[in-house]
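# Fold and contact review
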Amino acid sequence: MTKYWINGALADQVSINDRGLSYGDGLFETIAVIDGKPHLFDQHLDRLQMGLDRLKFPEGAIDAVKNDIQALNFSGNQTLKLTVTRGIGERGYKLPATCVPTRIISLTDSSDFTQQREQGVSVRLCKQRLGFNPALAGIKHLNRLEQVLARSEWSDPDIAEGFVSDLDGNLVEGTMSNLFWVHEGVLYTPKIDRSGVKGVMRDRLIELADQLSLVVVEGNYPESVLESADEVFICNSLIGIWPVITIDGKPLSVGPITRDLQLLLSKEMSC
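Residues numbered from 1 in each chain as written. Predicted model: local features only at pLDDT ≥ 70, side-chain atom pairs only at ≥ 80, totals over all residues. Heavy atoms only, no water.

## Quick look at the overall build of the protein
Keep this limit in mind: Under the DSSP-based scheme used, a helix requires at least four consecutive residues in state H or I and a strand at least two consecutive residues in state E, with every element numbered from the N terminus. Atoms counted for the radius of gyration: C-alpha only. Globule rule: 2.2 Å times residue count to the power 0.38. Only protein chains enter the accessibility calculation, which uses a 1.4 Å probe. A residue is then buried if its area is under 20% of the maximum for its type, exposed if over 50%, and partly exposed in between. The criterion used for residue contact is that any of the two residues' heavy atoms lie within 4.5 Å. Where accessible areas are quoted, they stem from the Shrake-Rupley method and a 1.4 Å probe; at the residue level, only the protein chains shown are allowed to cover. His residues and chain termini do not enter the charge count, which takes Lys and Arg as positive and Asp and Glu as negative. Charge placement uses NZ in Lys and CZ in Arg. For Asp and Glu, CG and CD serve respectively.
Each helix and strand counted, the protein has seven helices and 15 strands in total. Relative to its length of 271 residues, the protein is compact, with a C-alpha radius of gyration of 19 Å against a globular reference of 18 Å. Its C-alpha atoms give the protein principal-axis dimensions of about 55 × 40 × 35 Å. Counting only residues that meet the buried cut, the protein has 48% of its 271 residues in that class. A separation threshold of at least 6 residues defines the contact pool for the protein, and within that pool the share at least 24 residues apart is 72%. Within the structure as shown, the protein displays about 13,700 Å² of accessible surface, and the carbon and sulfur contribution to it stands at 50%. Looking at the protein, you have 27 positive and 36 negative side-chain charges, and the mean spots of the two groups are 5 Å apart.

## Quick look at helix α6 (residues 200-211)
This is how it is decided: What a helix should span is 1.5 Å times the count of its residues minus one.
For α6, built from twelve residues, the straight-helix expectation of 16 Å at 1.5 Å per residue is met to within 8% by its first-to-last C-alpha distance of 17 Å. For α6, the set of buried residues is Val 200, Met 201, Arg 202, Arg 204, Leu 205, Ile 206, Leu 208 and Ala 209. Residue Ser 213 follows α6 closely and has a positive phi angle near 60 degrees.

## Quick look at the side chain of Thr 83
Summarising the element assignment, Thr 83 is placed in strand β5 (residues 78-85). Taking relative accessible area as the criterion, Thr 83 reaches 13% and is therefore assigned buried. Beyond its immediate stretch of four places on either side in the chain, Thr 83 contacts Leu 27, Phe 28, Thr 102, Arg 103, Ile 104 and Leu 142.

## Overview of the packing of aromatic side chains
Condition: Pairing of aromatic rings covers Phe, Tyr and Trp, the last counted by its six-membered ring, and requires centre-to-centre distances within 6.5 Å; plane angles under 30 degrees mean stacked, over 60 mean edge-to-face, and any other angle means tilted.
Tallying each qualifying case throughout the model produces six aromatic pairs. Where Phe 113 meets Trp 242, the ring centres are 5.4 Å apart and the plane angle is 65 degrees; that geometry is what we call edge-to-face. One end of the pair, Phe 113, is in the loop between β6 (102-109) and α4 (114-119); the other, Trp 242, is in strand β14 (residues 240-247), with 129 residues separating them in the sequence. Geometrically, the ring pair formed by Tyr 188 and Tyr 221 is edge-to-face, given 5.6 Å between the ring centres and 80 degrees between the ring planes. Linking Tyr 188 in strand β11 (residues 186-190) with Tyr 221 in the loop between β12 (216-219) and β13 (231-236), this pair joins segments that are 33 residues apart in sequence. Take Tyr 188 and Tyr 221: they sit in the same class, and that class is buried.

## A short note on the packing of α6 against helix α7 (residues 256-269)
Put simply, the rule reads: Axes here refer to lines fitted to C-alpha atoms; in helices the fit is confined to the stretch in contact. Angles between the N-to-C directions go from 0 to 180 degrees. Reported orientations rely on four angle classes, namely roughly parallel under 35 degrees, roughly antiparallel over 145, roughly perpendicular from 65 to 115, and oblique for the rest. Put simply, Ala, Val, Leu, Ile, Met, Phe, Trp, Tyr, Cys and Pro go in the nonpolar bin, Asp, Glu, Lys and Arg in the charged bin, and everything else, Gly too, in the polar bin.
Contact pair α6 / α7: the axes reach a minimum separation of 10 Å and the direction vectors enclose 110 degrees. Considering their axes alone, α6 and α7 lie roughly perpendicular with respect to each other. Where α6 abuts α7, its residues Met 201, Arg 204, Leu 205, Leu 208, Ala 209 and Gln 211 lie against Leu 261, Leu 264, Leu 265 and Glu 268. Tallied by class, residues from the contact of α6 with α7 come to seven nonpolar, one polar and two charged.

## Quick notes on the sheet that holds strand β3 (residues 26-34)
What counts, and what does not: Here a strand pair is declared whenever DSSP counts at least two bridges between the two strands.
Taking strand neighbours across the sheet as the criterion, the six strands line up as β2-β1-β6-β5-β3-β4 in an open arrangement whose pairing is antiparallel. At either end of the open sheet lies a strand with only one pairing partner, and these are β2 (9-10) and β4 (37-38). The pairing of strand β1 (residues 2-6) with β2 spans two bridges and is classified as antiparallel. Residue Trp 5 lies in a different strand from β2, and its bridge partner there is Leu 10. The strands touched by helix α2 (residues 41-54) are β3, β4 and β5; relative to β3, the strand with the most contacts, the crossing angle is about 180 degrees.

## Structural notes on the packing of α2 against helix α3 (residues 61-70)
The cut-off we apply is this: Handedness of a crossing follows from how the near helix is turned relative to the far one, being left-handed for an anticlockwise turn of less than a right angle and right-handed for a clockwise one.
Interaxial distance between α2 and α3 falls to 10 Å at its minimum, and their mutual angle equals 150 degrees. The interaxial crossing formed by α2 with α3 has right-handed handedness. The residues of α3 that touch α2, namely those facing Phe 41, Leu 45, Leu 48, Gln 49 and Leu 52, are Ala 61, Ile 62, Val 65, Lys 66 and Ile 69. Across the contact of α2 with α3, the residue classes tally to eight nonpolar, one polar and one charged.

The structure is reproduced here in structure tokens:
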């Protein structure tokens, strides 16, 4: 069961003139609630604020979101989604003279990803490419059409995710996740500066890797680097870490670095 709040009140409809609907003019965050507590909550709000600043939303929008959340009662394991649009506006791209952001919150029961975390998942390489846009890179804006097109490339339920590269052929992310791989004891992940989402869980795993004295390298890498990877895993705030056991049918092992990071994350999320 899912509950919805719009601008702090129970509701499930927005205006047809909302700029989030018309132009994708807004942002969202998806947060795991674990044992009644939103995980990495401050980090999600920080990224939301970064996006609001990048899209030139009025100051104070984040404060209204915080007030909305304070009124909620969390319990057990849930999924909290925050969406902020620029609100109602007239036709045309010009920013409205007066901006009253629309705040949409949903709260639903979480899915169980124990099997994927323990046994691993199969992924594929997508043909869809991500365009370059440094102004939007990193933030979680509402226009996800590139991800929609990439995800439309397969219907096989045994394929959990697809890896997407940029126009230069360099790996960026999964359709709904960030990507890491291990080669000769070094942890690698694509740099998120021209396209893609700079995931909150991605950043947290980089911090946890430091606790394991792992070297983490961010950069631009072609898809071919995965052929020599010793371990590959994907992550996001809801799924945690999923080991990758096949890429386009090529088998991979679940390695010790993946398991060590899973253990650290599990301990943190159970506190």
